[in-house]
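Chains, contacts and geometry: an overview
Residues per chain, in single letters:
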Amino acid sequence: MILPLKLEGVSFLDIIRPLSLEIGAGPSTIILGANGAGKSVLMRLMHGLLAPTTGALRWQGGEPGRRQAMVFQKPVMLRRSALDNIRYAVRLAGARDGDALAAAALDEVGLRHVAHRPARVLSGGEQQRLALARAWALHPEILFLDEPTASLDPSATREIEAVIRAFDTSGTKIVMATHNLGQARRLGDEVIYLHQGRVLERAPAEEFFVRPASAEAAAFIKGELPWV
Ligand SMILES: Nc1ncnc2c1ncn2[C@@H]1O[C@H](COP(=O)(O)OP(=O)(O)O)[C@@H](O)[C@H]1O
Ligand SMILES: [Mg+2]
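Read on for an overview of the structure.

What counts and what doesn't
Residues numbered from 1 in each chain as written. Chains lettered and ligands numbered in written order. Predicted model: local features only at pLDDT ≥ 70, side-chain atom pairs only at ≥ 80, totals over all residues. Heavy atoms only, no water. Near = heavy atom within 4 Å. Polar contact = N/O pair within 3.5 Å; in protein donor to acceptor, adjacent residues only side chain to side chain. Areas by Shrake-Rupley, 256 points an atom, 1.4 Å probe, with all protein chains shown as cover. Helix = DSSP H or I, 4+ residues; strand = E, 2+ residues; numbered from the N terminus. Core = buried A, V, L, I, M, F, W, Y, C linked by side-chain atoms within 4.5 Å. Buried < 20%, exposed > 50% of the residue type's maximum accessible area, 1.4 Å probe, protein only. Contact = heavy atoms within 4.5 Å.

**Examining the site of ligand 1**
- Neighbouring ligand 1 are Phe12, Leu13, Ile15, Ala34, Asn35, Gly36, Ala37, Gly38, Lys39, Ser40 and Val41.
- In this structure, an oxygen atom belonging to ligand 1 sits 3.0 Å away from a main-chain N or O atom of Gly38.
- Here Ser40 contributes a side-chain N or O atom positioned 2.9 Å from an oxygen atom of ligand 1.
- For ligand 1, whose accessible area on its own is 570 Å², the fraction buried by protein is 56%.
- It is helix 1 (residues 39-47) that contributes the most residues to the shell around ligand 1, three residues altogether.

As structure tokens, this is what we get:
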């Protein structure tokens, strides 16, 4: 187990104020906040794509390597078939049985029928499911998702959410950034509310939505715009 992940006094410029957090295995964690709150920067810090300005991140179980994966808002696909996009990623990771893992992952997101189509001609929703399959193929212990449905229509969003729920059920820790309240309610077990680079609260989802502890979160839930 690489989890829990501990952030100790982690900051990034003036965008993420020094914060300490522990992300453990188990129920899903939603990073919720308005546009510009710092969700993407926080996700990138946790995934190791950005180095903190101060503080440190520690994975309890040592170097996470391929046991963590991340999916971004806009998937980036290679000029290859859908299946080959996943094969390429698992081979890069040095996985034995890469082809079997790739095919299984494609199946799990319901894309077997487009396996040999060029990835770049797939619809936005299909590309995002492919990105999920690619991140999923090696069964990471933790999966970071940064607004994975932000550019998708409601029907594609529902399909992506079903895939995320299946990953969650299978035991992978889900950490997802979203500004979408409905999605946070549908997928979140706990909510970390981020406002101007600060964690204002962290609470079980039912509690957060019924009784937010901060005025900023209450305003956000009411649909006001707390970025002033
Ligand atoms: N690598 C970076 N270096 C400096 N500033 C950044 C970087 N990435 C994002 N920002 C800035 O940090 C702020 C928060 O951005 P972001 O984390 O993308 O917010 P959110 O994902 O919550 O909408 C924005 O003002 C953005 O311009
Ligand atoms: Mg973002």
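**Notes on the nonpolar core**
- Core analysis: the biggest nonpolar cluster contains 47 residues, and Leu32, Leu130 and Phe208 have the highest contact counts within it.
- With six residues, helix 4 (residues 124-136) is the single largest residue contributor to this core.
- Leave out the neighbours within four places in its chain, and Phe208 touches Leu32, Val191, Tyr193, Glu201, Ala203, Ala217 and Ile221.
- Ile16, Leu21, Ile31 and Phe144 belong to the second largest nonpolar core, which has 25 residues in total.

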